[in-house]
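Close look at the chain arrangement
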Amino acid sequence: MIVTTRQPVSTSERAVRTPAPAKRLVKGNEALALGAVAAGAECFFGYPITPQNEVPEILSYWMPKLGRVFLQAESEVASINMVYGAAAAGHRAMTSSSSPGISLMMEGLSYIAGARLPCVIANVMRGGPGLGNIAPSQGDYFQAVKGGGHGDYRCIVLAPWNVQEMYELPALAFDLAERYRMPAFVLTDAVLGSMLEPARVPLEFPPLVRREQDWTACGRGNRAHKNVVHSLYLDPEVLSAKCEELQATYRRAACEVRFDERLIDDAQVVVVAFGISARLALSAVSALRRRGEKFGLLRPITLFPFPSERLSALAKRVRGMMVFELNSGQMVEDVRLAANGACPVEFFGKMGGVLPPPEELVEVFSKRFAR
Amino acid sequence: MHSCADNLVTDTPDDEFECVAHRPNSMSDKPLHYCPGCTHGIIHRLVGEMVDEFGLLDRTVGICPVGCAVFAYEYFEFDSIEASHGRAPAVATAVKRADPRRFVFTYQGDGDLAAIGTAETVHAAARGERITVFFVNNGIYGMTGGQMAPTSLPGQKTTTSPGGRDPALTGHPIAVCEMLSTLPGVAFAARVPLTSPKNVNLARRYMRKAIRAQLENIGYGIVEFLSTCPVQWGLTPIAAMKHIDADVIKVYPPGVFVDRVPDARAAPVGAETDAGSST
Ligand SMILES: Cc1ncc(C[n+]2csc(CCOP(=O)(O)OP(=O)(O)O)c2C)c(N)n1
Ligand code: SF4
Ligand SMILES: [Mg+2]
């Protein structure tokens, strides 16, 4: 059951849901690209990097065909600054990349957050640190959820777990980015990007609905005053007030929490996992249930805002929580903060692109919470 | 030629004095913060004049740099975007492509354009982006306190080359216009020292072409201004001007390097003279 603390209100989120075409086999990256088109992305800027290359490739076909902007930039630094420019001028702008490329974008992202610009960044995560490899990883959780660039800022972070959500979440990302005027990530990985799955993903798209905002630097037109997009405030008192405004925005965004629960009602141990890890974890949870062990799954769909409240409530009534990630333990910190000592929180992780088989997870989960 | 009273920013004087010069309508009345003798102020005014002259106030988006001109947006009346250090060409690319009806220019120093932002500069030019670049080359990092730039002259003393720039250690100055002139995407590239009224008029002529390169959909346009930084050069304003005429132009020869913009047939309103609309 997917729980959303707030109902979707915007047109684009509904647009990607209706009308539902027949299911067909779709690759994750294709779904992500077409999800951006359906979400009304007006501009896409990107630089090639595996394992997300289908995204720019597909958009290089669709965007010009629909009269929108596609541009292969000279680097991720340029890509994110192009996103910054398009967003500053009031256009729905997006980039996609994979871990090393996202690292290069961090200065630009901080400027985007500082200037309060909405935009969407897709990170099809691969192994790190350094050049790492092109295998799946969730090693960029901290970077996406906690900041990554300089200064006090946050991004909306959405984590799909199947191809259908790869298609649907870009629209939600744009909607939330615009609602709160902050950048939004679709945080996914090499498996989800590369896997083929049946999904409802159309190949026809409604015309763009442009919404004018009053703050954009798009050319004055008939406006009586100029608009300036910037993040420079030399006066400490002024910058301090601006930072407080940002933090207040992030607190307001807390009502956008979305998560997915399976077999939770009578669960004694809650497995917490996101994205592809949650797929593996669900297999393990089902197998444990067949053995009579009462495990359940909570899958955060929004990593920021994080479903802390729900986890706190669960922590008070379960025997423990088991966090599984494809990293050395990043989201687990947020789970521990939410549980706040009310129950033990165990962690199991794999790095370097290694995916543990569900049987291994079954053994680990079971052993950690053996009576 | 129309009277300047037609587009006065301030109240029209009700006595019989004739107004012979005024601030461009595209500029705000905020006092400039630049040091005495700094050419940033002249270039700001020229930009304002050009936006007025071409009637672009309602569709201009200016992209400001990180450098001494970081607050350029305070001095203009059109919409502006503050870019991160060196990335103005990328920002401008997106703003222009998203709606080609806009007039988009970048205003960049030499550290911004020729050091940290070299890649964005070269690639925007290579793509022939329909943007106009106003390049303020003072051969130094003004804002951060006078450190050496890739554009600093051989032998130039700066706070990070206290013994004078040694090309054997830190290379030779980058000649941006010459370098960009190899790229077919560039429609106009010219360099001008801002050292005399005559040269300021020449700068106006170049700026018109660099703007028309964009408006007439021909390609990328750049004007490089050989500019002063008296404070960080340790020279008086007058000595700084003389230094440009005596030394800087030897390393950076003024002139037109690319011109694929046809000569004006019908000049825009008010553009009949080199001196712009206010004279
Ligand atoms: C990423 C980054 N690195 C360094 C700086 C510090 N910085 C601010 S302005 C500047 C140099 C500006 O020199 P220039 O572009 O020549 O402009 P000028 O001040 O001379 O007009 C530097 C290095 C910065 N703001 N951002
Ligand atoms: S430091 Fe140099 S470039 Fe900056 S305002 Fe002063 S004179 Fe001009
Ligand atoms: Mg400089």
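Computed from a prediction, not measured in an experiment: that's the story for all the values here. (Residues numbered from 1 in each chain as written. Chains lettered and ligands numbered in written order. Predicted model: local features only at pLDDT ≥ 70, side-chain atom pairs only at ≥ 80, totals over all residues.)

Notes on the site of ligand 2
Taken together, Tyr-34, Cys-35, Cys-38, His-40, Cys-68, Asn-138, Gly-142, Met-143, Cys-229, Pro-230, Val-231 and Gln-232 of chain B make up the full set of residues adjacent to ligand 2. A per-class count over the shell around ligand 2 returns eight nonpolar, four polar and no charged. (Near = placed C-beta within 6 Å. Nonpolar A, V, L, I, M, F, W, Y, C, P; charged D, E, K, R; others polar.)

Observations concerning the interface of chain B and chain A
Counting residues at the interface gives 28 residues for chain B, matched by 33 residues for chain A. Looking at the side of chain B that touches chain A element by element, the count peaks at eight residues for helix 3 (residues 88–98) of chain B. When its residues are assigned to classes, the side of chain B that touches chain A shows 14 nonpolar, five polar and nine charged. Across two bridges, strand 10 (residues 228–229) of chain A lies against strand 2 (residues 79–82) of chain B in parallel orientation. Of the residues in strand 2 of chain B, the one forming a bridge with Val-228 of chain A is Ser-80 of chain B. (Contact = placed C-beta atoms within 7 Å. Helix = DSSP H or I, 4+ residues; strand = E, 2+ residues; numbered from the N terminus. Pairing = 2+ DSSP bridges.)

A word on the site of ligand 1
Residues and elements named next belong to chain B. Near ligand 1 you find 17 residues, and of these Gly-67, Gly-109, Gly-111, Asp-112 and Gly-142 are the closest. Looking at which element gives the most residues to the shell around ligand 1, the answer is helix 4 (residues 110–116), with three residues. A per-class count over the shell around ligand 1 returns eight nonpolar, seven polar and two charged.

Some thoughts on the sheet that holds strand 13 (residues 295–300) of chain A
Residues and elements named next belong to chain A. With mixed pairing, the six strands of this open sheet are ordered in space as 1-11-13-12-15-16. With one partner strand each, in any of the chains shown, strand 1 (2–4) and strand 16 (345–349) form the two edges of the open sheet. Averaged over neighbouring strand pairs, the angle between their axes works out to 25° when direction is ignored. Of the strand pairs in this sheet, strand 15 (residues 320–325) and strand 16 are connected by five bridges, and their pairing is parallel. Residue Met-321 lies in a different strand from strand 16, and its bridge partner there is Val-345. Across the sheet, helix 14 (residues 358–368) lies against strand 12 (269–272), strand 13, strand 15 and strand 16, angled at about 150° from strand 15, the strand it touches most. (Axes fitted to C-alpha atoms, helices over the stretch in contact; angles between N-to-C directions.)

Section: the environment of Pro-154 of chain B
Residues and elements named next belong to chain B. Within the fold, Pro-154 resides in the loop between strand 4 (132–137) and helix 6 (167–170). In this structure, the C-alpha to C-alpha distance between Pro-154 and Val-66, residues 88 residues apart in sequence, is 25 Å. The contact partners of Pro-154, leaving out residues within four places of it in the chain, are Arg-165, Pro-167 and His-172.

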